[in-house]
Amino acid sequence: MTTYISSFSAPGHPDRDLLGGKGADLARMVQMGLPVPPGFTITTAACRHVLAEGTRPPGLARQLERHLAAVEEEAGRRFGDPDDPLLLAVRSGAAVSMPGMMDTVLDVGLTDATVAGLVRSSGDERFAWDCYRRLVQMFGETVLGVAPERFTAVLSGAKDRWKVTDDTALGADALREVVESSNAVCLEVAGRTLPQDPFDQLDQAVHAVFGSWQGERARAYRRRFGIDDGAGTAVNVQAMVYGNHGPRSGSGVAFTRDPETGEPVPYGEYLPTAQGEDVVAGTRTAVPLSRLHELDPAAYQRLRSAMGTLERNYRDMCDVEFTVEDGRLWILQTRVGKRSPAAAFRIAADFAEEGWITEDEALLRVSGEQLTQLLSPRLDEHSAGSEVAAGLAASPGAATGRLALDSATAAKLAERGEDVVLLRPETRAEDLPGMLASRAIVTARGGRTSHAAVVARGMGLPAVCGVSDLEVDLATRQVMLAGTRVLAEGDVVTVDGTSGRIYRGRHRTVPSEVAAWLEGGTTADSPVVAAVARLLEHADGVRRLRVLANAETAADVRRAMRLGAQGVGLCRTEHLLLGERRAYVEGVLLGDDEERTRSLQSIADLHREGFALVLDAAQGGPVTIRLLDAPLHEFLPDVTELALRAERATDADRAAALRSRLAAVERFHEANPMTGLRGVRLAILRPEIMTAQVTAALDAAADLRDRGRAFDLELMVPLVSTVGELEAVARVIAAAGDEVAGRRGRVPYRFGTMVETPRAALTADLLAGAADFLSFGTNDLTQLTWGLSRDDAERTFLPRYEQEGIVRISPFVTLDRDGVGALLATAVARARAVRASITVGVCGEHGADPASIGFFENAGVDYVSCSPPRVPVARLEAGRAAV
Ligand code: ADP
Ligand code: MG
Ligand code: MG
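Residues numbered from 1 in each chain as written. Chains lettered and ligands numbered in written order. Predicted model: local features only at pLDDT ≥ 70, side-chain atom pairs only at ≥ 80, totals over all residues.

The protein has the name Pyruvate, phosphate dikinase in an unreviewed UniProt entry, where Nocardioides aromaticivorans is given as its organism. Taken from UniProt, the Sequence similarities (unreviewed entry) comment for the protein reads in full: "Belongs to the PEP-utilizing enzyme family." (UniProt positions renumbered as here; feature names shortened; annotations may be inferred.)

## Section: the overall build of the protein
The helix and strand inventory of the protein stands at 36 helices and 33 strands. Its C-alpha atoms put the protein at 110 × 60 × 55 Å along the principal axes. For the protein, buried positions account for 51% of its 883 residues. Pairs at least 24 residues apart make up 68% of the contacts formed inside the protein by residues separated by at least 6 positions. (Helix = DSSP H or I, 4+ residues; strand = E, 2+ residues; numbered from the N terminus. Buried ≥ 20, exposed ≤ 12 C-beta atoms within 10 Å, placed from the backbone. Contact = placed C-beta atoms within 7 Å.)

## Comments concerning the site of ligand 1
Taken together, the neighbourhood of ligand 1 is formed by 17 residues, with A89, R91, T104, G276 and E321 sitting nearest. Of the residues contributing to the shell around ligand 1, the split by class is six nonpolar, eight polar and three charged. Counting the residues that make up the shell around ligand 1, at least three belong to each of domain 1 (5-239) and domain 2 (250-336). (Near = placed C-beta within 6 Å. Nonpolar A, V, L, I, M, F, W, Y, C, P; charged D, E, K, R; others polar. Domains from an automatic or database assignment.)

## Some details on the pairing of strand β24 (residues 501-504)
Sheet analysis places strand β14 (residues 387-390) next to β24, joined by three bridges and oriented antiparallel. Residue pairing across strands places A389 opposite I502, the latter belonging to β24. Between the end of strand β23 (residues 492-496) and the start of β24, which pair antiparallel, lie four residues, with G500 showing a positive phi angle near 85°. (Pairing = 2+ DSSP bridges.)

## Thoughts on the sheet that holds strand β9 (residues 267-272)
The antiparallel open sheet is built from five strands, whose spatial order is β10-β9-β8-β11-β12. This sheet does not close on itself; its edge strands, each paired only once, are β10 (287-288) and β12 (328-336). Judged from the two bridges that link them, β9 and β10 form a sheet pairing that is antiparallel. Residue E269 lies in a different strand from β10, and its bridge partner there is P288. Here helix α12 (residues 297-314) sits on the sheet in contact with β8 (250-255), β11 (318-325) and β12, set at roughly 150° to β11. (Axes fitted to C-alpha atoms, helices over the stretch in contact; angles between N-to-C directions.)

## So, the sheet that holds strand β29 (residues 712-717)
Taken in spatial order, the eight strands line up as β26-β27-β28-β29-β30-β31-β32-β33 and close into a barrel, and their pairing is parallel. For this sheet, the mean inter-axis angle between neighbouring strands, taken without regard to orientation, is 25°. Bridge count between strand β32 (residues 839-842) and strand β33 (residues 863-866): two bridges; the pairing is parallel. Bridging from a neighbouring strand, V842 pairs with V864 of β33. Across the sheet, helix α36 (residues 871-882) lies against β26 (546-550) and β33, angled at about 160° from β26, the strand it touches most.

## Observations concerning unusual backbone geometry
Positive phi values are uncommon outside glycine, yet R477 reaches one of about 60°. Tracing the backbone shows R477 in the loop between β20 (470-473) and β21 (478-481). At Q619, a position not held by glycine, the phi torsion is positive, near 55°. Relative to the assigned elements, Q619 resides in the loop between α23 (593-617) and β28 (622-626).

Here it is, written out as structure tokens:
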């Protein structure tokens, strides 16, 4: 016969899957010797049986009888006894905590007959009727499905009639009326009232708690957090203790340490003369825990001592639900407590310092997600302002500024010393100057890997992207939301990139002290900063993955190095050829011989100087220069504009030149630029740009060598699909190398390729034969593996997919292990089979995603490369992945 019930006082290690979190922790507390009212847990197996079969499992009734008898014995009262009734709490509790999602019924066992017994045994009529009205209400809500507002209305009606403001001021007569009215509500809504047989009550309450697993709320919560629908909940049946029994009683919640700051002092709230959820319901104002210290020092001391016991056993900060009945302390629940990101770091470091846990364990108790939040300026929640719109939380942090609707305006406002928020339909390469001048970015279109999002994260600017129904009317300089004018250029707005919300007006923001310390501005003297420092140092000591940065300018590289980067894993040369420099690429592609030569020379000069600065700023660490990769249309002039200019030209020669340029641009026109003439394809068609870039890189390295500076140069080819491409490019690069060697002696470099098409991944063994290293561009690889556009999908259909649980999270945020991850793992294995020592890196946005780094560690990746602000997060996660 299966056992479906386990006593709280059963010996042995409690099984969370079977007993649920609450039940297992209650059993643990009994084992620690803490004062827990007697009770037992009906297991999740019973729930699963009920959900599957629709009937009570065989034998459950008999087991229930036996365990109930044991509780009666221990409590010294009998359930249903008309003289001195034992009352029960029937409490849900799944294995994975689902706060507030399921139900609890208290005071089970009260009937018209037993309430009289409770009056006699307690000598307190008011108390007994308070319990009874609570039971009718909770039973009504949970078992009979009556809306809670109906009972709230009954209660406020009674308070009005008796002219009192506080529940506790309602006397026995008033509460008797409340019971009657509440039963009347039950009858009206559900066609029945509270059963007058205590055993009926118990059976129905247990069943309702099982059923609450299938409730709408609980299902939605599980979908959102990816919890198994089949697990079921346990039900805890426990003797009631009475916090509502007069002024020497009460109930409260407490944390063993401050959950907001992590400070090692108890924190909590207490409400005298209260039962159940009164403390959190906010009907009456609870008092700080320190008040309990004054009201009942003995009970407070026992609580402190229980907290110490809990911390020693859980070796972590715990939260506690407790009740004081006539001065006697009872612990009703505990669990490892939720905490703010700052508290997480402080508590982990303190527990390590106090010797309760190892540094490795401390590292596992914090996350990159939490560090990301600690690094961002926060929105001060107390400063008011109304929300205007919301979109994708594309880059964390908060900032306030005046709205600018184009790059030029942004730059102009910034020059006047204004803080600026740039709002665009979407951003393109030419918006970069405006983005640089801004404190935050908002775009109507685009997902979390759109240009705006990637650039904003790279710069550490807050950004909200993909605000649907948002339109920018550049003619009237207004912003419309679903057709209504909501903002105008120049308005002050606040952008919260952590939540994806945009507010009207100025909100206070709080700068991050951790960021200030990491950037080298301050010393680590606040406890939270010291904790972050300690755990980051440990992460650096244990991690195998190297952490590099995606950076193009010396300033960014220096910043990345300050944040702990070990070099540059991705220097995107197209970023160095934007803005006005775009014309050089255009000149090479479309110009006559003279213009082409001039443009190539400009590219070479510009790169030689820029690369030398970047190589130098990396302090001898590796720098991977990726040869030009941008969809062609980003470098070519706008066709419409060109046509207009040709038409307006008064000079005939000029008009002819413009027309011929127009024809040239049109020859390059592509329907799908993202899968068009990009990367290596352009390099093969027009090798001269690549030659100029390679020559500049080698010359820059030689310049550094001549100055006695260290450098470590890598050249990388983007968007390769077949080894044939790689070989063709290798020949051109080798020729450039020979040419430089002739002038300046051999300059050492390594040659590698991006892996960002599925075909490249599948033929990584062939690529490995021709390359010193492979670097996975997981953004493009995801886009091409799924066959979706990263610029559109997060706006058009992925949110719906996430809502419906078709995908758990956008594959652009967290690496899709089953698809893209499988390709990556296959590629690594195939490449290493050919060349065991080949270096493998990841340089996509996933490089710093906390949920993806563990996968890269297991796949045998050697380094991740991410935008500078995310470097500390990657270091931490790489450490976590290694322990
Ligand atoms: P939740 O999972 O929502 O926290 P609980 O099962 O902990 O639900 O019950 C909610 C509240 O009911 C508790 O915080 C406590 O105040 C009260 N409660 C639970 N069990 C008992 C009990 N045995 N005696 C008195 N009050 C109880
Ligand atoms: Mg609880
Ligand atoms: Mg790419």
